[in-house]
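Residue-level structural notes
Single-letter residue listing:
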Amino acid sequence: MRSTGFRPAVAALGVCALALALTSCGSDDDDAASGKTRITVNCQPPKSAKVDRKFFDEDTASFEKQNPDIDVTLHDAFPCEDPKTFDAKLAGGQMEDVFYTYFTDVKHVVNTGQAADLTPYVKELKSYNTIQQQLRDIYTVDGKVYGIPRTGYSMGLIYNKKLFQKAGLDPEKPPTTWEEVRADAKKIAALGGGTVGYADYSAQNQGGWHFTAEMYSQGGDIVSADGKKAAVDTPEGHAVLQNLHDMRWTDDSMGSKQLLVINDVQLLMGSGKLGMYLAAPDNIPILVKEKGGNYKDLALAPMPGGKGTLVGGDGYMFSKKDTPAQIRAGLKYLDHMFLTPGKGFLGDYARAKKNDAPVGLPEPRLFTGAADATDQQVKKANANVPVDNYQSFLDGNQKLQLKVEPPNAQQIYSVLDGVVSAVLTKKDADIDHLLKDASSKIDGILARS
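The notes below deal with the structure included here. Everything numeric here is computed off the predicted structure, so don't read it as measured data. (Residues numbered from 1 in each chain as written. Predicted model: local features only at pLDDT ≥ 70, side-chain atom pairs only at ≥ 80, totals over all residues. Heavy atoms only, no water.)

With respect to the environment of Ala115
In this fold, Ala115 is placed in the loop between α3 (106-111) and α4 (133-138). Sequence-distant contacts of Ala115, defined by excluding residues within four places in its chain, comprise Val109, Tyr146, Met317, Phe318 and Lys320. (Helix = DSSP H or I, 4+ residues; strand = E, 2+ residues; numbered from the N terminus. Contact = heavy atoms within 4.5 Å.)

Next up, the structure:
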């Protein structure tokens, strides 16, 4: 699940274009007559995203100029991966030669037998060994490489520095435990005037998504390691719900209005009436550009709890129909577009800054070592947001276990939505019963998958 559904323009476009008619999407084999290798690639930004579209096309053209033996055909629509068409295209073998996937898709795509094994070719991808191992592992199944990560996000705690200061809290020392979140939220809510200390989602599957993030932060999980049984009826699950219950009903620090979704919470934060909520970095420009917030007031800390954080992101996989030449051409293209520090569609920070896109947001680092140092140096040189506000998030994330969403995420989130909403709307909610019931329903979902 995306944190906003959109990414800041240019600097980190995470949801872009795909939904195509169910016609054959893969390109023909190498064109012997022209001597060119032809590949189709999806996730070209839609025409409505004029700046992103322009830069994407420019970068593709520059790639073709540098590689005159490769011809790239781009496919667009919105979103990059449409659940209504993705499985049908996959089952029909109609994916592009190089196609966009979320982290959560990898095993499903591999299990359908539609993904090319990239293992013999990744040594030719110059940037591959510079990508964080935890992200590479997401696209590795049974020891074989099936995809290349492109971007990522992880959850953290967005907080309002101005409200922290007004409440007598140190804005440079955000809470690191859930006990501290509760204590700080109570002080912020005590400011009155409709101020809410901490807000959480509890509808449209978003409550289940945040419950998952909160479980990960305390070292818990949603399903067992083998993916066959629920793992929510645990001490960690009880702790998550008890903390929400106590903030809502004992401390009155979450406000009286519940069943909130992302837009409700963003409006609260943008208006200066909310102290804290869980989100990814891409929420910050939304809060400023659409909800009335101010960059200088908005800071980001790592997930409280100190054990883990929910991560998501995307990358590209390759059709099993691809020839070796097409795989090599596709890898070259990904290197040029997304995986060269300080350059390309996602890394040209100078270009992003010139076009008023936010530069310096604390996106999880894709690279390691010298590549990471180069990327961070170029980003810092072109930063147009207060990067110091996000340093604790960057530092703290290095110590957390990065965990992807559970299998059958949306179905499971729907079940957990009911659990979270019950706790936040019913003072006498029976946490034991809620978790046992949810566990049984999740077991059923997993058994059917």
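We are not done yet, so read on.
Thoughts on the packing of aromatic side chains
Scanning all chains against the criterion turns up ten aromatic pairs. Taking 6.3 Å as the distance between ring centres and 85° as the angle between the ring planes, the aromatic pair formed by Tyr100 and Tyr316 counts as edge-to-face. Of the two residues, Tyr100 sits in strand β3 (residues 98-102) while Tyr316 sits in strand β11 (residues 308-318), which places them 216 residues apart along the sequence. On the numbers, 6.0 Å between centres and 90° between planes, the contact of Trp178 with Tyr198 is edge-to-face. Here the residue Trp178 occupies a position in helix α6 (residues 178-189), and Tyr198 occupies one in strand β8 (residues 196-198), the gap between them amounting to 20 residues. Here Trp178 falls in the buried class, since its relative accessible area comes to 6%. Aromatic rings pair up to connect Phe56, Tyr100, Tyr102, Tyr316, Phe338 and Phe345 into one cluster. Taking NZ or CZ as reference, Arg150 lies 4.9 Å from the ring centre of Phe338, over its face. The ring of Phe55 carries Arg351 above its face, with NZ or CZ at 4.2 Å from the centroid. (Phe/Tyr/Trp six-rings, centres within 6.5 Å; stacked < 30°, edge-to-face > 60°. Buried < 20%, exposed > 50% of the residue type's maximum accessible area, 1.4 Å probe, protein only. Lys NZ or Arg CZ within 6 Å of the ring centre and 35° of its normal.)

Section: helix α1 (residues 50-66)
The periodicity of an α-helix, 3.6 residues per turn, causes residues three or four places apart in sequence to face the same way. In a regular helix each residue adds 1.5 Å, so 17 residues correspond to 24 Å; α1 covers 24 Å between its end C-alpha atoms and thus fits that length. Inspection of α1 places Asp52, Arg53, Phe55, Phe56, Asp59, Thr60 and Phe63 among the buried residues, and these make up the whole buried set. On its buried face, α1 is in contact with β1 (37-44), β2 (70-76), α11 (324-338), α12 (344-347) and α13 (349-354). (Expected span 1.5 Å × (residues − 1).)

Some thoughts on empty space enclosed by the protein
Taken as a whole, this structure holds three cavities of 30 Å³ or more when the rule is applied. In terms of lining residues, the second largest cavity is bounded by Lys89, Leu90, Gly93, Gln94, Met95, Gln114, Ser319 and Lys321. For the lining of the second largest cavity, the class distribution of residues is two nonpolar, four polar and two charged. (1 Å grid on protein atoms, 1.4 Å probe; cavity = no way out; pocket = protein on both sides within 12 Å on 5 of 7 lines; lining within 4 Å. Points joined across faces, edges and corners; volume = space filled by probe spheres on them. Nonpolar A, V, L, I, M, F, W, Y, C, P; charged D, E, K, R; others polar.)

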